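The lines below spell out each chain.
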Amino acid sequence: MHNEKQPLLTIENLHVAVDDKQILKGVDLTIYPGEIHAIMGPNGSGKSTLAAVLAGREDYTILQGKVFFDGKDLLEMSPEERAAAGLFLAFQYPVEIPGVSMLTFLRTALNEIRKSNGEEPIDTRTFLQMVREAAQLLGLGNDFLQRAVNVGFSGGEKKRNEILQMAVLRPKLAILDETDSGLDIDALKIVANAVNSLFGTIQSYLIITHYQRLLNYIEPDYVHVMYDGKIVRSGDKTLALELEAKGYDWLRSETLSSIELPSTTT
Amino acid sequence: MTNLQETKPLMHLLSATFDSLQGATPEQLEHNPFLQLRKRGLDALARTGLPTPKDEEWKYLNLAPYIRHPYQLPTSRESLPHLPQTLPMATIPVVFFNGLFQPHLLSPARGITVTSLAQLVDKASHDGTALGEQEHSIGQLLSPEDDPFVALNAALLHQGALLHITQTPSQPIYLASITQSGHPLFVNLRFAIRLSAGTAATVILDLRTLSKTAPAFHNIVSEIWLETESALTLIFLQNDTAQNYGVLTTRIAQTARSRSRLYTITAGNGMVRNTTSVQLNEPEAETVLYGLSILRDTEVADHHTAVEHLAPNCQSSELYKSIVADQATNIFNGKIFVHPEAQQTNAYQSNHNILLSDDARVYTKPQLEIFADDVRCTHGATVGQLPQEAVFYLQTRGLPEPVADVLLLHAFAAEVYEQLPIEPLRVWIDQQLSNRLFDIVDLAADRKLVDLQFATS
Ligand SMILES: Nc1ncnc2c1ncn2[C@@H]1O[C@H](COP(=O)(O)OP(=O)(O)O)[C@@H](O)[C@H]1O
Ligand SMILES: [Mg+2]
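Residues numbered from 1 in each chain as written. Chains lettered and ligands numbered in written order. Predicted model: local features only at pLDDT ≥ 70, side-chain atom pairs only at ≥ 80, totals over all residues. Heavy atoms only, no water.

Undergrad: What is the right way to look at the site of ligand 1 in this model?
TA: Residue and element names in this part refer to chain A. Taken together, Val18, Lys21, Ile23, Pro42, Asn43, Gly44, Ser45, Gly46, Lys47, Ser48, Thr49 and Tyr60 make up the full set of residues near ligand 1. For ligand 1, an oxygen atom lies 2.8 Å from a polar atom in the backbone of Ser48. At 2.5 Å from an oxygen atom of ligand 1 is found a side-chain nitrogen or oxygen belonging to Thr49. Summarising the interface, the protein chains cover 66% of the accessible area of ligand 1, which totals 560 Å² for the free molecule. With three residues, the top contributor of residues to the shell around ligand 1 is helix H1 (residues 47-55). The class makeup of the residues in the shell around ligand 1 is four nonpolar, six polar and two charged. (Near = heavy atom within 4 Å. Polar contact = N/O pair within 3.5 Å; in protein donor to acceptor, adjacent residues only side chain to side chain. Areas by Shrake-Rupley, 256 points an atom, 1.4 Å probe, with all protein chains shown as cover. Helix = DSSP H or I, 4+ residues; strand = E, 2+ residues; numbered from the N terminus. Nonpolar A, V, L, I, M, F, W, Y, C, P; charged D, E, K, R; others polar.)

As structure tokens, this is what we get:
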């Protein structure tokens, strides 16, 4: 169905190390506009590393491989250039910014992105309306916008705040790194509803999750399983249910005995 | 001059003092407290000389490069025609230009009496008129024997002002030392400030140059008395230019339920030493000391604070922060003394520093001496870099690295002055400091953030 279109994200044979320790060992993934992909996998398999490398964190060494985003060589771009190009990462562990209010933060971010794209700064009224709508969408009050970024936020508020930022910045591709963990069922529904309602404006999602739970609310087109730095299986949403039923141990034994193991260069 | 060697830095400034003391009769000396103070200053200096890094209290500040210039004492009778529009609001200006009082800039303001010290000193030496109580207070809080710069200030005692606040003034008092001189100038000023019971006042002490000039060295000694239930906000502005140096020695003596709040903003003057002490002499007195240094090039800021808790139920809190770039140096030494009678003391101190380069230096030292047992006292000091996690987080939201840096540095700095009560002044300070941060991270002025605003406003 998507052969006519250009892929939004293409990851080819990506090998990544940190401090001489290899973490990603050959990841391939292609995401077309209009698709929702999920990556599942046990703790420590490299999901957050993949997300961080895509967002442009510097501590990682790219050993091998290529990544294209919207036709551009992503690995050549600074994190802010990636943001301006339409890539967004909802952090697994959002960072506290003492002394910087949500409003200042969101407005600075939005205007920097607009500036990079040759647009004028947003006017105050439109901006306020936009962030208030976004806050409402996430079930957060206006007073939330006066608080310092992530400072004193509960775990759930931090996660909702990531999605709030996504709603304001409207990227092309949003990577959600375990946005569901730490959310109670009501918050999970709110987040899922926000993600679904923004789908369209946001062309594609890459949803990283440890559990199948979130995928009950956000239906992926593809589910990938990451294990030991590689995508060892891909399938449709039923793969998530299978994983949920059998657990990651099943995967471990399957994978280790399976010839599906992608070949590695090391 | 007996033990004072004129060849040593600054000592040539003392010859006039020496001559006038030589010429004074014992009667003159006995009746003229200013002359006595000068003599004590001279004697103390002869004993100790100016401080060097060998003195514990001056360990990290080498004064040599700043005092070596061929400074002259004020001579010109040239006056400043009108007050430069530095600050964004109306003030009561008590201005010294090239070291000399500018009475014509001062218009009478209700609730405040301003007396020129030079006038009093001259009068006393001519006719030996009996002095009022307040004039006698000069030198009561800070003794020449305690500190070499107080000694130097006493030896050169002439210019300065006595401010007596008897009713709450409607505007801040702008105590400014403004210079514009082709040759190195030594400005020696002495202030005595008294707040009557129940009054509140804001005093801004500003060191300012009008255009690029030869070095100006300020030696300013301020003695401040807060009577019962009075409240002082004291703001030191030290955000001028690299050739503007200052040693400011300040002591605040507080009586019952009085409050003092000090803001020291150091961001531009080449060298500043602030020796600030607060004595909480009676119950329920409070002091808050805020200090912010944003330093670059080879600027040096040295903040020595001492808070003395001498009575029960007093509170002190200190927040000093620094952002230090290039080869600049920030020094913080914070002493807290809690005397045995000062039960139920609350004393807090924190000092946080961000280093922006490998050559930047920060020295921080808390010194607590607690002799009462019912005391709550906390202190903490940190020295670090910009948090890279936060910078990355901001970058992923589209902020170029320098913009992210400025946003974080600004937030770090603003905590110090975001409570500053005069809004236009706070906004002005914020703009000055933001511009400096833009410069430091090398961000072109047109990249200014749309809304670097206070998180609280
Ligand atoms: N900055 C880092 N330094 C050292 N090891 C790291 C770093 N980041 C991740 N790792 C290691 O890489 C592996 C993958 O981690 P991560 O990507 O967080 O996995 P996941 O998100 O799938 O749980 C783990 O073994 C983790 O300890
Ligand atoms: Mg993870």
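After that view, the rundown keeps rolling.
Undergrad: Is there a simple way to think about the interface of chain B and chain A in this case?
TA: Where interface size is given, it is often the accessible area lost as the parts come together that is meant. The partner chain A presents 35 residues to the 23 residues of chain B that form the contact. In total, chain B and chain A occlude about 2400 Å² of area from one another, counting both sides; carbon and sulfur atoms represent 62% of this. Inspection of the chain B/chain A interface yields two salt bridges. Across the salt bridge formed by Glu389 of chain B and Arg57 of chain A, the nearest N and O atoms sit 2.8 Å from each other. (Contact = heavy atoms within 4.5 Å. Buried area = accessible area lost by both parts, 1.4 Å probe. Salt bridge = Lys/Arg side-chain N within 4 Å of Asp/Glu carboxyl O.)

Undergrad: Just to check I follow, could you spell out the confidence of the model for chain B for this structure?
TA: Fine structural detail should not be taken from predicted coordinates in areas where pLDDT scores are low. Residue and element names in this part refer to chain B. Of the residues in chain B, 94% reach a pLDDT of 70 or more, and the chain-wide mean stands at 93. Across residues 450-457 the pLDDT falls below 50, and counting only partners more than four positions away or on other chains, this stretch makes 24 contacts in the model. The ipTM, which scores confidence in the relative placement of chains, is 0.94 for this predicted complex, and the corresponding pTM is 0.93. (pLDDT = per-residue confidence, 0-100.)

Undergrad: It is not clear to me how the pattern of salt bridges should be interpreted in this structure. Could you clarify?
TA: As a working rule, side chains carrying opposite charge can pair if their charged atoms are close by. Residues and elements named next belong to chain B. All told, the structure shown has 23 salt bridges over all chains when counted by the stated rule. When the shortest N-O distance is used, the salt bridge between Arg190 and Glu223 registers 2.9 Å. Of this pair, Arg190 sits in strand S6 (residues 185-195) while Glu223 sits in strand S8 (residues 216-226), and the two are 33 residues apart along the sequence. Neither Arg190 nor Glu223 differs from the other in exposure class; each is buried. Connected through shared salt-bridge partners, Glu56, Lys59 and Lys365 make up one network. (Buried < 20%, exposed > 50% of the residue type's maximum accessible area, 1.4 Å probe, protein only.)

Undergrad: Explanation requested: the packing of aromatic side chains in the structure shown.
TA: For any pair of aromatic rings, the description rests on two quantities: the centre-to-centre distance and the angle between the ring planes. Scanning all chains against the criterion turns up 17 aromatic pairs over all chains. Here Phe105 of chain A and Tyr393 of chain B contribute two aromatic rings whose centre-to-centre distance is 6.0 Å and whose plane-to-plane angle is 5 degrees, an arrangement assigned as stacked. Of this pair, Phe105 of chain A sits in helix H3 (residues 102-116) while Tyr393 of chain B sits in helix H8 (residues 388-396), on two different chains. On the accessibility criterion, Tyr393 of chain B (0% relative accessible area) is buried. A centroid spacing of 5.3 Å and a plane angle of 15 degrees characterise the contact between Phe186 of chain B and Phe217 of chain B, whose relative ring orientation is stacked. Placement of Phe186 of chain B in strand S6 and of Phe217 of chain B in strand S8 is noted, with a sequence separation of 31 residues between them. Taken together through their ring pairs, the aromatic side chains of Trp58, Tyr66, Tyr71, Phe149, Phe186, Phe217 and Tyr245 of chain B make up a single cluster. (Phe/Tyr/Trp six-rings, centres within 6.5 Å; stacked < 30°, edge-to-face > 60°.)

Undergrad: Would you mind going over the sheet that holds strand S7 (residues 200-209) of chain B with me for this structure?
TA: Backbone-to-backbone hydrogen bonds pair the strands of a sheet. The strands run either parallel or antiparallel. All names here are of chain B. Taken together, the ten strands give an open sheet; going across it, the order is S2-S1-S5-S7-S9-S11-S13-S15-S17-S19, and neighbouring strands pair in mixed fashion. At either margin of the open sheet sits one strand with a lone partner, and together these are strand S2 (100-101) and strand S19 (375-384). Inspection of the sheet shows S7 paired to strand S9 (residues 231-238) by seven bridges, in the parallel sense. Among the inter-strand pairings, Thr202 is bridged to a residue of S9, identified as Thr233. In this fold helix H9 (residues 401-417) packs onto strand S11 (259-266), strand S13 (286-295), strand S15 (315-324) and strand S17 (345-355), with an angle of close to 150 degrees to the strand it touches most, S15. In the packing of helix H10 (residues 423-440) onto the sheet, contacts are made with S7, S9, S11, S13 and S15, and the angle to S13 comes to roughly 30 degrees. (Pairing = 2+ DSSP bridges. Axes fitted to C-alpha atoms, helices over the stretch in contact; angles between N-to-C directions.)

Undergrad: Got a minute to help me understand the side chain of Asn32 of chain B in this structure?
TA: Residues and elements named next belong to chain B. Here Asn32 is to be found in the loop between helix H2 (26-31) and helix H3 (33-48). For Asn32, the side chain forms a polar contact with the main-chain nitrogen of Phe34, separated by 2.9 Å. Residue contacts for Asn32: discarding those within four places in its chain leaves Ala124 and Ser125.

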